[in-house]
Each structure stands twice: as structure tokens, then as C-alpha cells.
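# Tertiary structure, described
Letter by letter, the chains look like this.
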Amino acid sequence: MKREHAAFSDSAAWLSIVSHAALAVFKGMVGLWFDSRALLAAALHSASDAAAEIAAKVEWPGLRKRRALHAAYVGREGAEPLLAIFFAVFLLMGGLQMMIAAISNIARDELKPPEVMAGVAVVVSFALKEAVFQFRFRQSRKEDPKTAQSLIATHRYSLYSSVAAFIGVFSAVAGQAMGVSELLYLDPLAAFFIACLVFWRAYRLIRESLYGRLVSAIQEEDTTSFIETVQRVHGVIAVDELKAQENGHYVIVDAKISVNPRITVMEANDIANRAKMLLLNRFSHVSEVRIQVAPYDAGYPYKSNAEENGSDMPNLLQ
């Protein structure tokens, strides 16, 4: 079942990538044919959405090396996600070109109103983008709420881009129809605003690729090390759960361990304290450790034959 969910989620992600790329081509072609700067900028923003999702699906080989990961965590040499940087540079150059073109059109008073088909393209692209988002969001909400929240945050900026393009295109068309020349400025102004969103998206792409991926991979590697360390403590039978949460430059560890159910509460607390001090002393970036102790219960049919003779419940495996 997990494999089916993973395959379905992967297919949904690729559907989103293809849709963003198709919308970028569609908006770009219509923007060129019908003279809409805002639609061209919206095409670049759709391209940034596709680039960000492609970069998110790429596994960087350097992240698998523990030494490189730890070095990057403490601020020294680390892995370099070249594909994400390439996309970000491309977006920065495209956004800069859009800004220069928009400012140039306004300064030279070269304002050509887009045709009505540009507005139709804005509406159609918005409807398709919203349909794909709703599909992915509903699926992610069932499987991974954190991914759903991330989709909402990303979609917010795409929504800003679509609204800006809608206002810019239809205002310019209406200004041409009503003879209000001031409304023609809204198309290049919308293009400038969307270009700023593209700049912000490129910055986030670089930050998440260089920092977010490294921290995520480091935490996964550190979690394994934390579990192995706690299991070495005498008296710990099993580590039932362990979570490492980032807090600035440090990490907070929450763990749940199982101990012998026949020891005293004081002895259980002593085991938890030894595990806590071992984590704090061994890992310098761990700032706080919270350990919950529970009695170990193997459960049926692995119940121990060392039960007390006075037990009320008979053991079928005696």
C-alpha cells in the first residue's frame, strides 16, 4: 500500500511539473503574439514553478556522504546542487530582462495594449493551474499534511502572479477600449511585479537547495546516529520513537525508550538520564534532550515464560 501511495504521489508531482512547463510555453507564446508583458512575466513565473519542483525531485549524490553533510551543517565545505543553481540563474536573468523591458516601455511611453486573446489565455491558464493544485493538495492532505502546507505556501505566490497578470492585461484592454491611456501602464507594471516574484522564487530555490536539503539529510543521518547511541546505554531495551527538530543552529531530540518493566521508577529515570547525557556529550549541536520511558512489552505471542507464578492470567505458552 505504501508503494502504491508513493507511486501515485510521484505521478502527481510529475503531472504538476508537466502542467507548469506547458503553461509556461502557452503563456509565453500568447504573450509574444498578442503583445502582453504581464503574460510573458507570468510565463516566466510558471517556468520557475516547474524548475523548483524539478530541483526538489533530484537526489544529489554528495548528500549521501556523512562527512560532507556534517561539514556543511557546521558551515564548512558541502555539496553543491548545480541543477538548482542553474535554474535560479536562468530565472534571475529572465526576471531582470522582464524588469528592464517593463521600465523601458514605461520610460519611452511605448505602451501597446494587448489583445483580448491575452486575457482569455490568463483565465484559461489560471483555471488549469488551480485544477492541478486542487488535485495535488487533496492527495497530499491525505498522505502528508506537511507537504500539503508546503503546497499552499508555494501556490500563494503563483496566485499573486495570476492575479497580477489578470489585472494588468484586462486593465490595459479596458483602457484601450475606453480611451483611458493611464490604464495601459498596468500591463508593464504587472510584468514588473511578477518579475519581482520570480526574483524571490529564485532566491528561495537557492536557499532551499543549499540549506534546506542539507539540513533535512543531516537530520535523517543524525537520527540514525542518535538511535544507535541511545541503544548502547545499559538498560535500554528498545528505542520506540526518536525525533530530531531543528532549533536555529541546534537540534532538540525527543525520544521514547523501553526498559525492563520490573525495575523501579528511580532506576528507569537513571537510564533516561544516562541516555540524555550521552547524547549531549557526544553531539555538540544537540542543545536539549527529552526522553520518555515506557515499560517494554513484547506482546503476544512473544510473552516471556519468566512470569511470576502468582499471575492471575494463565499463559498458553507455558
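The residue numbering used here restarts from 1 in each chain and proceeds along that chain's sequence as written. Two thresholds apply to this predicted model, a pLDDT of at least 70 for residue-level local features and 80 or more for giving and counting side-chain atom pairs, whereas whole-chain, interface and lining totals are computed over all residues. In computing side-chain values, all of the structure's heavy atoms are included and hydrogens and water are not.

### Topic: the confidence of the model for the protein chain
Confidence of the predictor at the level of single residues is captured by pLDDT, which takes values from 0 to 100. Predicted confidence across the protein chain gives a mean pLDDT of 77, with 74% of residues reaching 70 or more. Helical segments are the DSSP runs of H or I of at least four residues, strand segments are the runs of E of at least two, and each set is numbered from the N terminus. Mean pLDDT per element in the protein chain: helix α3 (residues 66–73) is the minimum at 41, and helix α8 (residues 265–282) is the maximum at 92. Contact criterion: two residues are considered in contact whenever any of their non-hydrogen atoms come within 4.5 Å of each other. Under a pLDDT of 50 for its full length, residues 60–80 has, in the predicted model, 35 contacts with residues more than four places off or in other chains. Segment residues 304–318 is flagged for pLDDT under 50; beyond a separation of four residues in sequence, or across chains, it makes 10 contacts in the model.

### Here's the deal with α8
Over its 18 residues, α8 runs 26 Å from end to end, which matches the ideal 26 Å to within 8%, given 1.5 Å per residue. When we look at burial in α8, the residues that qualify are Ala268, Ile271, Ala272, Ala275 and Leu279. Looking down the long axis of α8, one finds its buried residues gathered within 95 degrees of arc, a one-sided arrangement. Every exposed residue of α8 that faces more than 90 degrees away from the buried side is listed here: Met266 and Asn281. Here, expected helix span is obtained from the residue count minus one, scaled by 1.5 Å. Accessible area is worked out with a 1.4 Å probe on protein chains only. A residue is then buried under 20% of its type maximum, exposed over 50%, and partly exposed in between. Note that the arc is defined by the directions from the helix axis to the C-beta atoms.

### Describing the nonpolar core
We define the nonpolar core as a collection of buried residues of types Ala, Val, Leu, Ile, Met, Phe, Trp, Tyr and Cys that are connected through side-chain atoms lying within 4.5 Å of one another. If you look at the biggest cluster of nonpolar residues, it comprises 32 residues, and the most contacted ones within it are Leu39, Leu91, Met98, Val169, Ile194 and Leu205. Looking at this core, the elements with two or more residues in it are α2 (37–57), α4 (82–107), α5 (116–143), α6 (145–178) and α7 (186–231). At nine residues, α2 tops the list of elements feeding residues into this core. Excluding residues that lie within four positions of it along the chain, Ile194 makes contacts with Ala38, Ala41, Ala42, His45, Ser161, Ala164 and Ala165. Listed in part, the 19 residues of the second largest apolar core include Val230, Val239, Leu242 and Val289.

### With respect to the packing of aromatic side chains
Each aromatic pair joins two rings of Phe, Tyr and Trp (for Trp, the six-membered one) with centres within 6.5 Å, and gets the label stacked for planes under 30 degrees apart, edge-to-face for over 60, and tilted for any other angle. This structure, assessed with the given rule, holds six aromatic pairs. Both rings, one in Phe166 and one in Phe170, keep their centres 4.5 Å apart while their planes meet at 40 degrees; by these two values the pair is tilted. Of this pair, Phe166 and Phe170 both sit in helix α6, separated by four residues, roughly a single helical turn. For Phe166, a relative accessible area of 41% corresponds to the partly exposed category.

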